[in-house]
Amino acid sequence: MTRVSELSTTEYLLSGNRACAGCGLGIGLRAITKALDGKMVLVNPASCLTVLGGMYPISSLDVPWINVAFPSTASSAAGVRAGLRAMRREGEMTVLAMAGDGGTADIGMQALSGAAERDDDFIYVCYDNEAYMNTGTQRSGSTPAGARTTTTWTGKRENPKDVPAIMEAHGIGYIASTNAAFPTDVYDKVLKARDRRGLRYIHMNTPCPSGWSFDPKDTVKLGRLAVDTGVVVLYEIEDGVFRLTGRSASLAKSGKPLVPVAEYLAAQGRFRGVSDETAAEIQSWVDARWAGYGARHTPVG
Ligand SMILES: Cc1ncc(C[n+]2csc(CCOP(=O)(O)OP(=O)(O)O)c2C)c(N)n1
Ligand code: SF4
Ligand SMILES: [Mg+2]
């Protein structure tokens, strides 16, 4: 596993960008662009990522970048890839489609499903801040149960969609789940994805201080707590083989119980007032998923 001290010192996400203080997306994006060493075309739809970049003619991201219509990220990325191939420049750069959870789990799903079915050749990263954030925190298909948003005033009732599982059902060769609080986990997964062909899907959880209501200084702490409670699990599925990675693999190996989910809920304003019953349901959901992942885990070697 790559260490932070081994990451390139070249920055592609520049200072003065328009992300909120403590934005998890910024941390993840920094690791992704370092892994690709800037040799990429970024394709993205309306989202906090667009806002972070700033308005034309300025840009805080030092890579070629195309903003596309909300539902069309994956089909646009397939088009960019086809264009590079026609120009015989496909070996020069990676096509990176990157959309939020709203632009992936909900609005972009049909284009993404089509690209997965065709096994189009690009990396797709869903950065998951668990709501439609840049339009004011509306619930998405990825918002967790119990979370208050401006469209779920008393807390969302449904559990989030499992987008990596949907992608797995398409039979693509590389799928990963990561969290921006673990930049080297993000980095290593992007490196691995870069060197494969076909559609590669990475689901990156990105703690969002503004939408989740926590202190911006605690972004990494909260992302780590998400993993220590099993709310977010770090794993990859390579050619159908499921493997826990990094902190999640260590937790499973230790055999110790996970941190209670109640600690994760208590750390965020969006879960304020969640009932004991809902908290118990969330805990059962996390426990069942963790047991399922543990049963599928294939240790290295
Ligand atoms: C077809 C369409 N519907 C709605 C919008 C308005 N809109 C722009 S960004 C956005 C929310 C995006 O949410 P998500 O993909 O989760 O990204 P985030 O803002 O959370 O980073 C919405 C609803 C739009 N631009 N186009
Ligand atoms: S709303 Fe959340 S995801 Fe969007 S820029 Fe602010 S902290 Fe980042
Ligand atoms: Mg979002």
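Just so it is clear, the structure is predicted and the values come from calculations on it, not from any experiment.

Caption draft 1: Up close: the overall build of the chain. Helices and strands together make up the secondary structure of the chain, namely 12 helices and eight strands. The globule rule puts the C-alpha radius of gyration for 301 residues at 19 Å, and the 18 Å found for the chain is close to it. Principal-axis analysis of the C-alpha atoms gives the chain an extent of 60 × 45 × 40 Å. Expressed as a percentage of the 301 residues in the chain, the buried residues total 47%. Taking the intrachain contacts of the chain between residues at least 6 apart in sequence as the baseline, contacts between residues at least 24 apart amount to 71%.

Caption draft 2: Examining the nonpolar core more closely. Among the nonpolar cores identified, the biggest contains 80 residues, and Leu25, Val43, Leu96, Ala97, Phe122, Tyr124 and Val125 are the most heavily contacted of them. Broken down by element, this core gets its largest block of residues, six residues, from helix H1 (residues 24–35). Beyond its immediate chain neighbours, meaning those up to four positions away, Val125 contacts Ile32, Leu96, Met98, Ile202 and Met204.

Caption draft 3: Representation of the environment of Phe214 within the structure. Summarising the element assignment, Phe214 is placed in the loop between helix H8 (209–212) and helix H9 (219–229). Its 19 C-beta neighbours within 10 Å are what place Phe214 among the partly exposed residues. Spatially, the C-alpha atom of Phe214 lies 5.3 Å from that of Gln268, the residues being 54 residues apart in sequence. In contact with Phe214, other than residues within four places in its own chain, are Pro209, Leu222, Ala267, Gln268 and Gly269.

Caption draft 4: Representation of the site of ligand 2. Within the structure, ligand 2 sits among Ala19, Cys20, Cys23, Leu25, Cys48, Asn129, Met133, Asn134, Cys208, Pro209, Ser210 and Gly211. No other element matches the three residues that H8 contributes to the shell around ligand 2. Its residues assigned to classes, the shell around ligand 2 shows eight nonpolar, four polar and no charged.

Caption draft 5: Seen up close, the sheet that holds strand E6 (residues 200–205). Spatial strand order, E2-E1-E3-E4-E6-E5-E7-E8: eight strands in an open sheet with mixed pairing. Each end of this open sheet is capped by a strand with a single partner; those strands are strand E2 (65–68) and strand E8 (241–244). Taking each pair of neighbouring strands and ignoring which way they run, the sheet shows an average axis angle of 15°.

Caption draft 6: Examining unusual backbone geometry more closely. Of note, the bond from Tyr56 into Pro57 is cis; its omega dihedral lies within 30 degrees of zero at 10°. A positive phi angle, near 55°, is found at Arg88, a position not held by glycine. By the secondary structure assignment, Arg88 is in the loop between helix H3 (73–86) and strand E3 (94–100). Of note, the phi angle at Asp239 is positive, near 50°, even though the residue is not glycine.

Caption draft 7: View of the packing of H3 against helix H5 (residues 109–118). Where H3 contacts H5, the axes come no closer than 6 Å and their chain directions differ by 45°. With respect to their mutual orientation, H3 and H5 come out oblique. Facing H3, whose interface residues are Thr73, Ala74, Ser75 and Ala78, H5 presents Ala111, Leu112, Gly114 and Ala115. The residue inventory of the contact of H3 with H5, partitioned by class, reads five nonpolar, three polar and no charged.

Caption draft 8: Layout of H3. The end-to-end C-alpha distance of H3, which contains 14 residues, comes to 20 Å, matching closely the 20 Å that a straight helix rising 1.5 Å per residue would cover. Within H3, burial applies to Thr73, Ala74, Ser76, Ala77, Ala78, Val80 and Arg81. Tucked inside the fold, the buried residues of H3 contact strand E1 (40–45), E2, E3, helix H4 (102–106), H5 and strand E4 (123–128). Just downstream of H3, Arg88 is the residue with a positive phi angle, here 55°.

Caption draft 9: Quick peek at the packing of H1 against helix H7 (residues 183–194). One can describe the packing of H1 onto H7 by two numbers: an axis separation of 8 Å at closest approach and a directional angle of 40°. With respect to each other, H1 and H7 are oriented oblique. In the packing of H1 onto H7, the handedness of the crossing is right-handed. Residues Ile27, Gly28, Ala31, Ile32, Lys34 and Ala35 of H1 touch H7, and the partners they reach there are Pro183, Val186, Tyr187, Val190, Leu191 and Arg194.

Caption draft 10: Molecular detail of the confidence of the model for the chain. Per-residue pLDDT for the chain averages 97, and the proportion of residues at 70 or more is 100%. Confidence, expressed as mean pLDDT per element, reaches its minimum in the chain at helix H2 (residues 48–53) with 95 and its maximum at E6 with 99.

Cut-off values and rules
Residues numbered from 1 in each chain as written. Chains lettered and ligands numbered in written order. Predicted model: local features only at pLDDT ≥ 70, side-chain atom pairs only at ≥ 80, totals over all residues. Helix = DSSP H or I, 4+ residues; strand = E, 2+ residues; numbered from the N terminus. Rg over C-alpha atoms; globule rule 2.2 N^0.38 Å. Buried ≥ 20, exposed ≤ 12 C-beta atoms within 10 Å, placed from the backbone. Contact = placed C-beta atoms within 7 Å. Core = buried A, V, L, I, M, F, W, Y, C linked by C-beta atoms within 7 Å. Near = placed C-beta within 6 Å. Nonpolar A, V, L, I, M, F, W, Y, C, P; charged D, E, K, R; others polar. Pairing = 2+ DSSP bridges. Axes fitted to C-alpha atoms, helices over the stretch in contact; angles between N-to-C directions. Parallel < 35°, antiparallel > 145°, perpendicular 65-115°, else oblique. Expected span 1.5 Å × (residues − 1). Left-handed = near helix turned anticlockwise from the far one by under 90°. pLDDT = per-residue confidence, 0-100.

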